[in-house]
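Each chain, written out:
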Amino acid sequence: MKKIVILVIIIICAWTAFQKGMESGKEKKKQEDYKKIEQVQTAMEKLAKTSATAAFGNENQWYVFDVRMMKEEGSGDHAFYQALKAELGEDFDSQLSNGDYIFAGVMPHLGSYRIYAGNPESEENMIYPDWNYSKLQSKE
């Protein structure tokens, strides 16, 4: 009987440690997601008001793009994507831990920008300026 009690206690302790490890891993992934979002926000804050946005053409139109575009073949010729790559780094991974990718939008004339995760056509996926994204709670 003593061996069974000891075995049950060991199992409970191991399960508790496992659960804490899982929660810690989820929290770490969430913090990495926030860091990626902050990096894109910082880069867009800088670039939205620069002449690099003139490369889009019509300055009175929103241009929304997948941040992965900066790595695509042929994007090296586009001044904005070159500047974005310089800000974020060559190896920047724009995929969040839930599988969604980060999208950014810019309106050159106003120097405004937006950030989305997932489908940028849905306002429910907006991260900046309004946090409507329900798959990740706002840090604030």
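Computed from a predicted model, the values in this text were never measured in an experiment. (Residues numbered from 1 in each chain as written. Predicted model: local features only at pLDDT ≥ 70, side-chain atom pairs only at ≥ 80, totals over all residues. Heavy atoms only, no water.)

Caption draft 1: Representation of the overall build of the protein chain. Along its length, the protein chain carries two helices and four strands. Sequence-ordered secondary structure for the protein chain, helices as α and strands as β, is α-β-α-β-β-β. Its C-alpha atoms give the protein chain a radius of gyration of 21 Å, clearly above 14 Å, the size a compact globule of 140 residues would have. Judged by the C-alpha coordinates and their principal axes, the protein chain covers about 80 × 30 × 20 Å. (Helix = DSSP H or I, 4+ residues; strand = E, 2+ residues; numbered from the N terminus. Rg over C-alpha atoms; globule rule 2.2 N^0.38 Å.)

Caption draft 2: Quick look at the environment of S97. With respect to the helices, strands and loops of the structure, S97 is situated in the loop between α2 (79-88) and β2 (102-107). Taking C-alpha positions, S97 is 9.1 Å from K26, a pair spaced 71 residues apart along the chain.

Caption draft 3: Main features of the sheet that holds β2. A sheet is described by the order of its strands in space; here four strands give the open sequence β1-β2-β3-β4, paired in antiparallel fashion. Of all the strands in the sheet, the pair left with one neighbour each is β1 (63-66) and β4 (126-128). Averaged over neighbouring strand pairs, the angle between their axes works out to 30° when direction is ignored. As paired elements, β1 and β2 share four bridges and run antiparallel to each other. By the bridge assignment for β2, D66 is matched with F103. (Pairing = 2+ DSSP bridges. Axes fitted to C-alpha atoms, helices over the stretch in contact; angles between N-to-C directions.)

Caption draft 4: α2, seen in detail. Among all positions of α2, only F80, Y81, A83, L84 and L88 are buried. Seen end-on, α2 carries its buried residues on one side only, within an arc spanning 160°. Phi turns positive one or two residues past the end of α2, at G89, with a value near 100°. (Buried < 20%, exposed > 50% of the residue type's maximum accessible area, 1.4 Å probe, protein only. Arc of directions from axis to C-beta.)

Caption draft 5: Molecular detail of the packing of aromatic side chains. For the structure shown, the criterion picks out five aromatic pairs. Where F65 meets F80, the ring centres are 5.5 Å apart and the plane angle is 75°; that geometry is what we call edge-to-face. Placement of F65 in strand β1 and of F80 in helix α2 is noted, with a sequence separation of 15 residues between them. Their ring planes at 70° and their centres at 6.1 Å tell us that F80 and Y81 sit as a pair that is edge-to-face. Of the aromatic side chains, those joined through ring pairs into one cluster are F65, F80 and Y81. Just above the ring of W62 sits the side chain of R114; from NZ or CZ to the centre is 4.0 Å. (Phe/Tyr/Trp six-rings, centres within 6.5 Å; stacked < 30°, edge-to-face > 60°. Lys NZ or Arg CZ within 6 Å of the ring centre and 35° of its normal.)

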